[in-house]
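# Structure assessment
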Amino acid sequence: NEAGYTFSIAFNSALLTNPSVVIGNSGGDVLFNANNPGQIGFSVTTFTGGTIAAGNNKTLVTVTFTVAAGAQPGTVPITFTDTPARRKASPVDPNFPITQPTYMGGTITIGGATAAGASISGRVLTANGRGIRNVLMTMTDANGNSRTAITTAFGYYLFDNVATGAAYIIEAKAKRYKFAQPTQIRNVSGDIDDVIFTADGF
């Protein structure tokens, strides 16, 4: 007969950033407060009345994070706390007794890429082999995190301190040139120096 839950989680905000919250399959509405780094308070309530859906393996909320750039592989603990929202379940009828839930923390595993200092470099050329300056180069990882670089007067560019063990999308954009293949995907296990883009016209 639960009509709502409040609780908080704590995590390492240096490793996990940009928390995003989506209501789970138990229904209801969710409010969350993430004003303090490393802490989120939740209030999951059926504002329209009634109870939160019953059943096994039900989810109140799903929280996703962005892993900070350069984070080392390993585990990050997620713990339940009473700050900023105290752990409590509320019944539909405030006079009806209710058994308070048990809270069990867990971990998030950071794997795959490491913080090895590899580099990705290459050149942007015209169809006749001349370097193109001021081309905007973008490198994007699997989580959507992007970095940019600008080509030199001779068309060269460089991304340094690139984590290895991951795939990246490299994209070239220029105001005066078009590319038949504006993006390339590279799996990085070490330094890469041959990511070449050739313009096919103005």
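Right, let's walk through the structure included here. (Residues numbered from 1 in each chain as written. Predicted model: local features only at pLDDT ≥ 70, side-chain atom pairs only at ≥ 80, totals over all residues. Heavy atoms only, no water.)

## So, the side chain of Thr-66
The cut-off we apply is this: Segments assigned H or I by DSSP are reported as helices when at least four residues long, segments assigned E as strands when at least two residues long, and all are numbered from the N terminus. It only takes one pair of heavy atoms within 4.5 Å for two residues to be counted as in contact.
Relative to the helices and strands, Thr-66 is located in strand E5 (residues 61-67). Beyond its immediate sequence surroundings of up to four residues, Thr-66 is in contact with Leu-15, Leu-16, Thr-17, Asn-18 and Asn-145.

## Points about the environment of Ile-196
In this fold, Ile-196 is placed in strand E15 (residues 192-198). For the pair Ile-196 and Val-124, spaced 72 residues apart in the sequence, the C-alpha separation amounts to 5.9 Å. Ignoring sequence-local partners within four residues, the contact set of Ile-196 consists of Gly-122, Arg-123, Leu-125 and Gln-184.

## Points about the packing of aromatic side chains
In plain terms, the rule: Each Phe, Tyr or Trp ring (for Trp, its six-membered ring) is paired with any other whose centre lies within 6.5 Å, and the angle between the two planes then decides the class: stacked below 30 degrees, edge-to-face above 60, tilted in between. Two conditions define a charge located above a ring, namely a distance within 6 Å from the ring centre to NZ of Lys or CZ of Arg, and an angle within 35 degrees of the ring normal.
In the structure shown here, the tally under the stated rule is six aromatic pairs. Arranged with centres 5.0 Å apart and planes meeting at 25°, the rings of Phe-7 and Phe-42 form a pair that is stacked. Note that Phe-7 is positioned in strand E1 (residues 2-10) and Phe-42 in strand E4 (residues 39-45), a separation of 35 residues in sequence. The ring of Tyr-103 carries Arg-87 above its face, with NZ or CZ at 5.7 Å from the centroid.

## A closer look at the sheet that holds strand E12 (residues 156-162)
Cut-off, in case you're wondering: A strand pair is defined by DSSP finding two or more bridges across the two strands. Only the stretch in contact is used when a helix axis is fitted, and all axes are lines through C-alpha atoms; the angle between N-to-C directions ranges over 0 to 180 degrees.
The strand order E12-E9-E15 describes an open sheet built from three strands, whose pairing is mixed. Both outer strands of the open sheet, E12 and E15, are each paired with one neighbouring strand and no more. Taking the axes of each pair of neighbouring strands and ignoring which way they run, one obtains an average angle of 20° across the sheet. Here strand E9 (residues 118-125) pairs with E12 via five bridges, running antiparallel. Looking across to E12, one finds that Ser-121 is bridged to Leu-158.

Limitation: the analysis is restricted to geometry and does not speak to function.
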